[in-house]
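# Secondary and tertiary structure notes
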Amino acid sequence: MLKGKKIEEVIQDDPDLVIFENSLINNLYQSVSLEQTKKYLESVMTKLQKELPNAKIPIISPNPNGKMENSLRLNYLDYIQASEQVIKTNKWAYMNSKEEIEKKLKKKNMRWADILTNDSIHPNDQGHYIWFEVIKEYFKK
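Residues numbered from 1 in each chain as written. Predicted model: local features only at pLDDT ≥ 70, side-chain atom pairs only at ≥ 80, totals over all residues. Heavy atoms only, no water.

## Quick notes on the overall build of the chain
Helix and strand counts for the chain stand at 6 helices and 3 strands. Start at the N end of the chain and walk to the C end: the helices and strands fall as α-β-α-α-β-α-β-α-α. Its C-alpha radius of gyration of 15 Å places the chain within 12% of the 14 Å reference for a compact globule of 141 residues. Each principal axis of the C-alpha distribution contributes one length, and for the chain these read about 45 × 40 × 25 Å. (Helix = DSSP H or I, 4+ residues; strand = E, 2+ residues; numbered from the N terminus. Rg over C-alpha atoms; globule rule 2.2 N^0.38 Å.)

Laid out in structure tokens, this is it:
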């Protein structure tokens, strides 16, 4: 987002709301350190808050990818926990969509595999719908 100038595109639109999906999955796959992941998150949020002072900017966790470990022997939960430390320290709005999706799956007697595409990473149509439901409920609160 920083290198590709995606943040500048968002800022240029001057939105009232920016739902920021923490991009830690990319960091997991690219074996980016937890420290660098935290710095990246802080950089993105600092820039957004500075340039969009009146916008609401909740951070949501990305969909889980299972128990895969990268070359640093870190997994999805390691990145979630590191990110949550930074989010909590800075008192940023946050929704752990993983936990909420898991609650919905349990109620529906479903598994993660039921809502992911064949790559076991990206949500399928049903997965996107459940994720949407979770986000909608978050905003209702």
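## Observations concerning the pattern of salt bridges
When the charged atoms of two side chains with opposite charge come close together, those side chains can pair. Taken as a whole and judged by the stated rule, the model has 7 salt bridges. Across the pair Lys38 and Glu35 runs a salt bridge, and its minimum N-O distance is 3.4 Å. Here the residue Lys38 and the residue Glu35 both occupy positions in helix 3 (residues 34–51), the gap between them amounting to 3 residues, near one helical turn. Its relative accessible area of 48% is what places Glu35 among the partly exposed residues. Note that Lys103 and Glu100 form a salt bridge whose closest N and O atoms lie 3.2 Å from each other. With Lys103 and Glu100 both in helix 5 (residues 97–107) and 3 residues apart, the pair spans about one turn of that helix. (Salt bridge = Lys/Arg side-chain N within 4 Å of Asp/Glu carboxyl O. Buried < 20%, exposed > 50% of the residue type's maximum accessible area, 1.4 Å probe, protein only.)

## Examining the environment of Glu9
Among the secondary structure elements, Glu9 is positioned in helix 1 (residues 6–13). With 70 residues separating them in the primary sequence, Glu9 and Tyr79 have C-alpha atoms 26 Å apart.

## A closer look at a nonpolar patch on the surface
A contiguous nonpolar patch, built from Leu17, Ile19 and Phe139 and spanning about 250 Å² of accessible area, is present on the exposed surface. According to the relative accessible area criterion, Leu17 is partly exposed, its value standing at 40%. (Patch = residues over 30% accessible without salt bridge, like charges linked within 9 Å, V, L, I, M, F, W, Y side chains within 5 Å. Areas by Shrake-Rupley, 256 points an atom, 1.4 Å probe, with all protein chains shown as cover.)

## Considering the nonpolar core
By size, the foremost hydrophobic cluster in this structure holds 16 residues, and its most contacted members are Phe20, Leu41, Met45, Leu48, Ile57, Ile59 and Trp92. Residue assignment for this core shows that the elements contributing at least two residues are helix 1, helix 3 and helix 4 (76–90). The element best represented in this core is helix 3, accounting for 5 residues. Membership of the second largest hydrophobic core comes to 10 residues, among which are Leu105, Ile115, Trp131 and Val134. (Core = buried A, V, L, I, M, F, W, Y, C linked by side-chain atoms within 4.5 Å.)

Remember that the coordinates give geometry; whether it matters functionally is a separate question.
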